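Now for the letters of each chain:
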Amino acid sequence: MVFDPPERFNIADYFLGARIAEGVGARPALLTDQGTRTYAEVDRLASRYAHLLREAQVAPEQRVIIALPDGPAFVGALFGILKIGAVVVMVNPQLSVEQIAYFCDYTRATAALVAGPSAEAFVAAAAGAQALKTVLRVDAPDVERRLEALPDSIATYPTHRDDPAIWLFSGGTTGQPKAVVQTHRSFANTTECYAKGVLGYGADDVTLAVPKLFFGYALGASLLFPFSVGARTILFEAPSTPETLFALIAQHRPTVLVNVPTMVNRMVSHPDAARQDLTCLRFATSAGEALPVELYHRWKDTFQIELLDGLGTAEMWHIFLTNRVGAVKPGTLGQVVPGFEVKAADDHGTEVPVGDVGLLWVRGNSQGLGYW
């Protein structure tokens, strides 16, 4: 499977604008703490953010930091940045001043969109940043008034399919987090190959994620993937806990749960686990850390829902190895996602014999810029 977008290609159109063009703008897109937002409402909000950033003199290809809780503002800001051809840098809103200063200097972002208690830390870090000229507190009354007064439509900047779209960060296990610069093509490619081709995302799906949107895993599985088919996503600001997740599942009845092994363990170990009704789920995914075989079986026995373990990296953006519904082999990462090539090889790229240990080599159209 190969996804070949046109040369002029912007994922703001692919994930959002196309839904408006298809005539499904009235369909619910976000189910949030602040209420439901339709695709048309998200598009209008994104356009106002685009105008707000243009007023701040943000130009195409410049980086813009998003440090926002999961909610309408995060989604509107993300697509607003993309609409003007700028580049999204997602960071944890709870960073310290020192950590923020590192990201500001490393990315040379010219603007940051912040909110809530963490805003003060960004303002403090910006004082010493050379490139960061604008910190917009999107929940401040004056900024909210400016947003409301701005036009709610804008022409999407005609980026090239291989232009940078979003910077994803490594986990920092070998020092400070390092950026992987991913293109517009990358995000659409994995959406077509994995989300649609393997998992079968459809318009009737409702997604719920344990990780927050600034993680690439959650951004894809619980925002971009559902948006690509006109589905709905549940967003919440509170920390992820079993109690919060069980309550949201009971309220919204999601069909896809984006999970991680640590939370899998907390959910199955909860005193009320056996009384929870998760039958609304078509499946749950697991990534980010190893999923022990015993934990897989505890989940399956407790909830009777398939848990699809998979592997993805920031360098390839998202999942390229995964188990499939009806074909799970516990203790493995499943099969290669069509559109990717995966092999175990030596240092020179020569495939090692079956049963031998090798380095994982991956190739596909979702690799970050700078990889061969």
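These figures come from a predicted structure and were not determined experimentally.

Structural notes on the pattern of salt bridges
Evaluated as defined, the whole model comprises 14 salt bridges. For the salt bridge of arginine 282 with aspartate 205, the shortest nitrogen-to-oxygen distance reads 3.0 Å. Of the two residues, arginine 282 sits in the loop between α10 (261–268) and β12 (283–286) while aspartate 205 sits in the loop between α7 (184–196) and β9 (206–209), which places them 77 residues apart along the sequence. The class of arginine 282 is partly exposed, set by a relative accessible area of 36%. The class for aspartate 205 is buried, based on a relative accessible area of 5%. A salt bridge links arginine 298 to glutamate 294, with the nearest nitrogen and oxygen atoms 3.8 Å apart. Highlighted residues: arginine 298 and glutamate 294, both in helix α11 (residues 293–303), separated by four residues, approximately one helical turn. One network of salt bridges, with partners in common, ties together Asp4, Arg161, Asp162 and Arg185.

Some details on the sheet that holds strand β2 (residues 35–38)
In spatial order, the strands read β2-β1-β10-β9-β11-β12-β13-β14-β15; together these nine strands make up an open sheet with mixed pairing. Strands at the two margins of the open sheet, each flanked by one partner only, are β2 and β15 (335–336). Both strand β1 (residues 28–32) and β2 contribute to a ladder of four bridges, which runs antiparallel. Residue pairing in the sheet places leucine 30 in a bridge with arginine 37 of β2. This element, α10, spans β11 (256–259), β12 and β13 (307–312) of the sheet and lies at about 115° to β11.

Describing the environment of glycine 358
Locating glycine 358 in the fold gives a position in the loop between β16 (340–345) and β17 (359–364). Beyond its immediate stretch of four places on either side in the chain, glycine 358 contacts Ala344, Ala345 and Val352.

So, the packing of aromatic side chains
This structure, assessed with the given rule, holds 19 aromatic pairs. Where tyrosine 102 meets tyrosine 106, the ring centres are 5.4 Å apart and the plane angle is 25°; that geometry is what we call stacked. One end of the pair, tyrosine 102, and the other, tyrosine 106, are both in helix α4 (residues 97–107), four residues apart, so they sit about a helical turn from each other. Take tyrosine 106: its relative accessible area is 31%, and that puts it in the partly exposed class. The interplanar angle of 65° and the centroid separation of 4.7 Å between the aromatic rings of tryptophan 299 and phenylalanine 303 together place this pair among those described as edge-to-face. One end of the pair, tryptophan 299, and the other, phenylalanine 303, are both in helix α11, four residues apart, so they sit about a helical turn from each other. Here tryptophan 299 and phenylalanine 303 have matching classes, each one buried.

Some remarks on the packing of α7 against helix α8 (residues 216–228)
Following both chains from N to C, one finds α7 and α8 inclined at 85°, their axes separated by 10 Å at the closest point. Here α7 lies roughly perpendicular to α8, going by the angle between them. Here α7 contributes Phe187, Thr190, Thr191, Tyr194, Ala195 and Lys196 to the contact with α8, which in turn contributes Leu224, Phe225 and Ser228. Each residue belonging to the contact of α7 with α8 can be placed in one class, and the counts come to five nonpolar, three polar and one charged.

So, the pairing of strand β7 (residues 164–169)
Burial analysis of β7 places five of its six residues in the buried class, the great majority of the element. Relative to β7, strand β4 (residues 87–90) is paired through two bridges, and the arrangement is parallel. Bridge pairing in β7 places valine 89 opposite tryptophan 167. Strand direction decides the pairing type here: β7 and strand β8 (residues 179–183), joined by five bridges, are antiparallel. Looking at β8, one finds that isoleucine 166 is bridged to glutamine 182.

Cut-offs applied
- Residues numbered from 1 in each chain as written.
- Predicted model: local features only at pLDDT ≥ 70, side-chain atom pairs only at ≥ 80, totals over all residues.
- Heavy atoms only, no water.
- Salt bridge = Lys/Arg side-chain N within 4 Å of Asp/Glu carboxyl O.
- Helix = DSSP H or I, 4+ residues; strand = E, 2+ residues; numbered from the N terminus.
- Buried < 20%, exposed > 50% of the residue type's maximum accessible area, 1.4 Å probe, protein only.
- Pairing = 2+ DSSP bridges.
- Contact = heavy atoms within 4.5 Å.
- Axes fitted to C-alpha atoms, helices over the stretch in contact; angles between N-to-C directions.
- Phe/Tyr/Trp six-rings, centres within 6.5 Å; stacked < 30°, edge-to-face > 60°.
- Parallel < 35°, antiparallel > 145°, perpendicular 65-115°, else oblique.
- Nonpolar A, V, L, I, M, F, W, Y, C, P; charged D, E, K, R; others polar.

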